[in-house]
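What the coordinates show
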Amino acid sequence: QRRIQPGNSPYRALLESLELGPDVAKIQLVNEVTQVPLLLEVWGLSGNMTRLRIQELAPLRPRFQVPDVLLGEPPAERLEVTGRDEGTLELSLGTGGHRLLVTERPFRLDLLRHRELLCSVNARGLLVFEHQRRFVPPQPADPPAEPEEEPGAWEETFKTHTDSKPYGPTSVGLDFSLPGFEHVYGIPEHADNLRLRSTEGGDPYRLYNLDVFQYELFNPMALYGSVPLLLAHRPRLSLGIFWLNAAETWVDIGSNTGGGETPQTEVRWMSESGVIDVFLLLGPRPANVTAQYARLTGTQALPPLFSLGYHQSRWNYQDEADVEAVEKGFEEHELPLDVIWLDIEHADGKRYFTWDPAKFPNPRGMLEHLAARKRRMVSIVDPHIKVDGGYRVHSELRARGLYVKTKDGNDYEGWCWPGSSAYPDFTNPEMREWWANMFAFDQYEGSTEALYTWNDMNEPSVFSGPEVTMHKDARHFGGWEHRELHNIYGLYGIPVMRCGTPKPSNPSQKTCLGNLKSIHDNPTSPIPKPLTPNPADLKSLTPNPQIPLTQNPQNAPKSPDPKPFCPPRPLWMEFPDDSHTFAMDDQYLLDRVLLVHPVTESGARGVNVYLPGEGEVSQGFWGGFGGFFRSFLGCRTPPEPQISLPRSGGTVIPRQDRPRRSTEAMKGDPFTLYVALSLQGTAQGELYLDDGISFDYATKNEFLHRHFHFANGTLTSRYPKYPKTSPKISQKPSQKQPLGTLTAKYPKN
């Protein structure tokens, strides 16, 4: 697709074909070169969102559309035709003042809010939709009626691997022009700066989940995870583009910044297969964009409280004695420890759901010992199964036909950690149900309530496959090729874990390990993106369990405004009008209250910290949190230099300050409220508590949510108001307490 240069698009919109329903508009498009018809569908969604979908009008077979990612069909608003002239159609997209201008030739879309142009689609003429076709062998005697097919159209070779394409090339692509924007972010995961850079003259950003052992820094190459969400920001406006496609995807970024021109960013998406299904998240503020994305795909379930504590992991603990010695060392040195992790060597010949009988002969006793110390264990399970007729897991999966297949219909096999391996087809609902049952106590031998699962790998890792992953022409449930759903293979292996454990402990370690490499291998580099909320992997960077920092109930089910922000966030999301923060990635915020600037340079005695907030930067707004980082690091004698942790004025932070061996041991400890006044002498904050382990907060409304407000020398503690649609929750009347210490008990399990 990159060979196609900007210019006049071959696509024309047949405006006379408009079909206007109550909530969707359908318009046919045609490629005037191939005469292949397409169908454009437009929705104006509630909450400032617009959806565009383009697909073949009459495909040879259905094209893959990503299932199970959206929470459901998002509610749409009523559409109306508000203008029409020769070659142009205007649609009103609901009550938010958004209008869509559809240009006939060449096909183009312009999205406006009132009179302000927000985004243009296909303005550069880079729409591509390769239609499915049947292979017709060329006849040597006949002159070619059409230009010859490009090499690789029906079959591609990667080193020694051959990838067949039974329906020919089926790629899709579309360009988006963002006037006024010069800062874009997102599309993780890449070991690069927070702000996306121009890809002109280099490779595009690649989204293709791969088990990459060694990768380059500041490079758009693919890594372990792929999230096709891009954010654009400028003062007073933030937008998002969510490209719903699970195939290998490339993203080009272009910019005309400089030279006195009005800034504009060009974004071009290219996917190997599927359809064009894109959501335009129209903000207008950063919090609105993240909330819009959350309304489409949901929020992360609250993690168990112990996942926020200190986790100890290495490859590999040799045996039960090794685990005991490590745990004993933490105890003797009075260091907090919540979880010890076991990698693949704990299993019997890397047969998952088993224990090596020589190295771990008594797993239940080991787990009971950890539980008695109020600690837990996490063991790994990978999505590849050792091919061994004597291994129950393999025998059952083969007998049930639940493995991924080759293009010829046989079980797909490759080489991975256990040796010859087969791969569960998690796209099959029967496979997901069977897999979930394997985590039951009577199925996972030696397991107890103290054992949680490291659900490893976002991709099928195949050492003998192309790019160390699965062949693209492998077949999944429903006959879909692997090329069409590669980036959601790991997603399907994660939700099943809920059936086997209370709260999900850690879906995938890989996502954050890639980021840690960026810091450790190049300590002077900025904080890499994304700041992924995977606390178990940031064990050397996140808070000690003695101080719960992120008590904002952003996922509490009945909170009137969930505000689905990640607790660690870039500064521009909280200070969207401060242009100094737009390209800043060497400091970030924890929730809204603590400003973190890590010391990443060896031997440094200090750092220059930027205090954001126009008109508010003073000791009254950003104050020092004296002595805080000593506890933050969990060290009696802190390393030098200490890291400054400015905290926002006008905030109340609940802290549990008693040193304990684990978060479990903290239950029942009192909270101390640390109040930092604003310039106006006020402060507010929140505290959310539940049992820390179950889903009762969602299914039974069993949680505690308090709002603190300080003004006129009085600290008020009350329950927030909930929507009238919420189930009745037992509440206590508001009460006022003097500034000082609040003791709060955890609710009973």
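Residues numbered from 1 in each chain as written. Predicted model: local features only at pLDDT ≥ 70, side-chain atom pairs only at ≥ 80, totals over all residues. Heavy atoms only, no water.

Comments concerning the overall build of the protein chain
Quick reminder of the rule: Helix and strand definitions here come from DSSP, where helices need a minimum of 4 consecutive H or I residues and strands a minimum of 2 consecutive E residues; each element is numbered from the N-terminal end. Only protein chains enter the calculation, and the probe is 1.4 Å; a residue is then buried if its accessible area is under 20% of its type maximum, exposed if over 50%, and partly exposed in between. Pairs of residues are marked as contacts when any of their non-hydrogen atoms sit within 4.5 Å.
Helices and strands together make up the secondary structure of the protein chain, namely eleven helices and 39 strands. Counting the 749 residues in the protein chain, one finds 56% classified as buried. Taking contacts inside the protein chain between residues at least 6 apart in sequence as the whole, the part at least 24 apart equals 66%.

A word on the sheet that holds strand β4 (residues 49-56)
Which entries qualify depends on this criterion: In short, DSSP must find at least two bridges between two strands for them to pair. Angles here are taken between N-to-C directions and fall from 0 to 180 degrees, while the axes themselves are lines fitted to C-alpha atoms, restricted in helices to the stretch in contact.
An order of β1-β2-β3-β4-β20-β17-β16-β14 is seen for the eight strands of this open sheet, with the pairing classed as antiparallel. The open sheet has two free edges, formed respectively by β1 (11-20) and β14 (183-186), since each of these has just one partner strand. When the angles between neighbouring strand axes are averaged without regard to direction, this sheet yields 20 degrees. Pairing of strand β16 (residues 229-234) with strand β17 (residues 237-243) involves six bridges; the strand directions are antiparallel. Paired with Leu-229 across the strands is Phe-242, a residue of β17. Here helix α1 (residues 286-297) sits on the sheet in contact with β4, β16, β17 and β20 (276-281), set at roughly 25 degrees to β17.

Here's the deal with the environment of Leu-335
Relative to the elements of secondary structure, Leu-335 occurs in the loop between α2 (320-332) and β22 (339-342). Among the residues examined, Leu-335 registers a relative accessible area of 35% and is labelled partly exposed. Once the C-alpha coordinates of Leu-335 and Arg-660 are considered, the two residues, 325 residues apart in sequence, prove to be 8.3 Å apart.

Focus: a nonpolar patch on the surface
The condition that has to hold: Patches in this entry comprise residues that are over 30% relatively accessible and not in a salt bridge; like charges within 9 Å are linked, as are nonpolar side chains (Val, Leu, Ile, Met, Phe, Trp, Tyr) within 5 Å. Per-residue and other accessible areas follow the Shrake-Rupley method at a 1.4 Å probe size, with only the shown protein chains counted as cover for residues. Within this document, salt bridges are pairs made up of a side-chain nitrogen of Lys or Arg and a carboxyl oxygen of Asp or Glu, the two lying within 4 Å of each other.
Side chains of Trp-415, Trp-417, Phe-463 and Val-468 sit close together on the surface and give an oily, nonpolar patch of about 390 Å² of accessible area. Tracing the chain through its elements places Trp-415 in strand β25 (residues 413-416).

Notes on the pairing of strand β12 (residues 161-164)
Across a regular strand the side chains alternate sides, sitting on one face of the sheet and then on the other. The pairing of strand β11 (residues 155-158) with β12 spans four bridges and is antiparallel. Each residue of the ladder has a partner; that of Phe-158, found in β12, is His-161. The antiparallel hairpin formed by β11 and β12 contains two residues in its connecting segment, where Lys-159 sits at a positive phi of about 55 degrees.

Points about the pattern of salt bridges
Summed over the entire model, instances satisfying the criterion amount to 44 salt bridges. Of the charged contacts in the structure, one is a salt bridge between Arg-12 and Glu-104, with a shortest N-O distance of 3.5 Å. Note that Arg-12 is positioned in strand β1 and Glu-104 in the loop between β7 (98-103) and β8 (108-113), a separation of 92 residues in sequence. We note that Arg-12, like Glu-104, is buried. When the shortest N-O distance is used, the salt bridge between Asp-322 and Arg-314 registers 2.7 Å. The exposure class of Asp-322 is buried, given its relative accessible area of 16%.

Comments concerning the nonpolar core
Most often, soluble globular proteins have nonpolar side chains that are buried together. Quick reminder of the rule: We call a set of buried Ala, Val, Leu, Ile, Met, Phe, Trp, Tyr and Cys residues a nonpolar core when their side-chain atoms join them within 4.5 Å.
Among the nonpolar cores identified, the biggest contains 74 residues, and Phe-353, Met-377 and Trp-435 are the most heavily contacted of them. Beyond its immediate sequence surroundings of up to four residues, Phe-353 is in contact with Val-381, Tyr-391, Val-393, Trp-435, Met-438, Phe-439, Tyr-444 and Glu-445. Judged by nonpolar contacts, the second largest core, of 50 residues, contains Phe-107, Val-184, Ile-276 and Leu-282.

Describing the pairing of β14
The two faces of β14 match: His-183 and Tyr-185 on one face and Val-184 and Gly-186 on the other face are all buried. One ladder, built from four bridges, connects β14 with β16; its direction is antiparallel. Across the sheet, His-183 pairs through a bridge with His-233, a residue of β16.

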